[in-house]
Amino acid sequence: MAAVHLRIGDLVWGKLGRYPPWPGKIVSPPKDLKKPRGKKCHFVKFFGTEDHAWIKVEQLKPYHPHKEEMIKINKGKRFQQAVDAVEDYLKKAKGKEQNSDGKGDSKGKKASNKPLKILEEDDEDLSALKDPSEKDLTDSDPEPSALERLGAGPGSGFKWESSPVKDDPHFHHFLLSQSEKPASSMEPISKRLKIIEEVTGSTSIQAADSTAINGSITPTDKRIGFLGLGLMGSGIVSNLLKMGHVVTVWNRTAEKCDLFIQEGARLGRTPAEVASMCDITFSCVSDPKAARDLVLGPSGVLQGIRPGKCYIEMSTVDPETITELSQVITSRGGRFLEAPVAGSQQLSNDGMLVILAAGDRTVYEDCSSCFQAMGKTSFFLGEAGNAARMMLILNMVQGSFMATIAEGLTLAQATGQSQQTFLDILCQGQMASTFVDQKCQNILQGNFKPDYYLKHIQKDLRLAISMGDMANHPTPMAAAANEVYKRAKALDQSDNDISAVYRAYIH
């Protein structure tokens, strides 16, 4: 087959890492975004998302010759929406061409002064994909021009480059990621430029994987087990099932499994049975003791571990617990990954969690479709224990911040200031966030329905303080916040939301 030459303006199928081929358009990159070193690549804007990425030429196929092939192998709803967006784009382009006939060249040659949109909010106008440096598509029909450049018909024999992106240490992805999954807040998820760079031998962050192009997740053919159907686990399992995974569930309170059995899950009688039946078993429980008991206790996970079986600990626990669990699982020939999640019950339900993973990198890769189903972003942080450390630091900051907000609200009331006005001012300043707005509104409404249990954030503060002690690092702010949460627990607020820390100040 003759070489396929692609250029700016061409419609293509782009394959990014482990994600399925997705329709896009080659555009000019922003001026301040340097081209990656190494193999030749093009900057692609993907349809149906707000994602842009550098894609190597061997991971690109021209759109039209391979359209039927791609539609046959990809049946996802969001994939079809992306294909529909391409077709709408082509119709608009063709319509503009027809409208310009007989009206002179001035309109047809008019160039847009709009720069490539990078950090805009959702844009339904696909003509906004155009870049000033591109050939104006109103001058010609995009379909024939693309076909003319192929010169070899349908392009049979074209195959994707099989080597994954991670094998090229000099190749960086620049990815603008926004998930189209429903957000739990009134504010849109912010779009952030992520630089994905792999450095051989590094024990720090190894990758930041966008899950934005996940409308057509191809579920792994591995059997998935899930232990623990609490606030977080329930939403995770629901999303795994929705995306087509085969899931076996177990929960200490068996009745919680009933809803998921109705949704298509299988029932495991014990943690050991789940681990023995499944290729990959996740667990998400309340604290270090529960995590240890699940693995080491009677009919525990360890009894079902065989060589090659994977165990993923999603609970927020201390690094020492992770080290212990990793050692016992691998001693039986199993493979271990920790993957605690940052988020809340609502974010879990919406599939918008942030996954922090560490341990066996191959397990992380095997769990790709699972992480796409449950979260918007996943990070691999190196050796086992690093994710636990990072998670405790994040929750320490969140817990301390929530206590400070509660303190501010009660001080406003004590000094005769309007709490609502305090919140209105706060939400117009630099500390404005969906988290602040939601938690404060819930406090003012007296709504403390748990989105993240107060007893769990207090546990995380305690573990973070202990981690600081072991590192000989002071944590006075966390220590002060911990005392406030302990008081809230004494006031019977353990099973309420973390925002119930407010009640520690008014009693």
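Residues numbered from 1 in each chain as written. Predicted model: local features only at pLDDT ≥ 70, side-chain atom pairs only at ≥ 80, totals over all residues. Heavy atoms only, no water.

Caption draft 1: Broad picture of the pairing of strand 4 (residues 52-56). With five of its five residues buried, strand 4 lies for the most part within the structure. Where burial is concerned, the two faces of strand 4 agree: the one with His52, Trp54 and Lys56 and the one with Ala53 and Ile55 are both buried. Judged from the five bridges that link them, strand 3 (residues 41-46) and strand 4 form a sheet pairing that is antiparallel. If you follow Val44 over to strand 4, its bridge partner there is Ala53. (Buried < 20%, exposed > 50% of the residue type's maximum accessible area, 1.4 Å probe, protein only. Helix = DSSP H or I, 4+ residues; strand = E, 2+ residues; numbered from the N terminus. Pairing = 2+ DSSP bridges.)

Caption draft 2: Representation of the sheet that holds strand 1 (residues 11-14) in the model. Read from one edge to the other, the open sheet built from five strands follows the order 4-3-2-1-5, with strand pairing classed as antiparallel. Two strands close off the open sheet at either side, each with one partner strand: strand 4 and strand 5 (60-62). Averaged over all pairs of adjacent strands, the angle between strand axes in this sheet comes to 45°, irrespective of strand direction. Sheet topology places strand 1 next to strand 5; three bridges connect them, and they run antiparallel. Bridge pairing in strand 5 links Val12 to Pro62. (Axes fitted to C-alpha atoms, helices over the stretch in contact; angles between N-to-C directions.)

Caption draft 3: View of the packing of aromatic side chains. For the structure shown, the criterion picks out eleven aromatic pairs. Here Phe282 and Phe371 contribute two aromatic rings whose centre-to-centre distance is 6.4 Å and whose plane-to-plane angle is 75°, an arrangement assigned as edge-to-face. Residue Phe282 is located in strand 12 (residues 280-283), and its partner Phe371 is located in helix 12 (residues 368-374); the two are separated by 89 residues in the primary sequence. Through successive ring pairs, a cluster of aromatic residues spans Phe226, Phe282, Tyr364, Phe371 and Phe380. The residue whose ring lies beneath Arg361 is Phe380, and the NZ or CZ to ring-centre distance is 4.9 Å. Between Lys455 and the ring centre of Tyr453, over which it is positioned, the NZ or CZ distance is 5.1 Å. (Phe/Tyr/Trp six-rings, centres within 6.5 Å; stacked < 30°, edge-to-face > 60°. Lys NZ or Arg CZ within 6 Å of the ring centre and 35° of its normal.)

That's the geometry; what it means functionally is another story.
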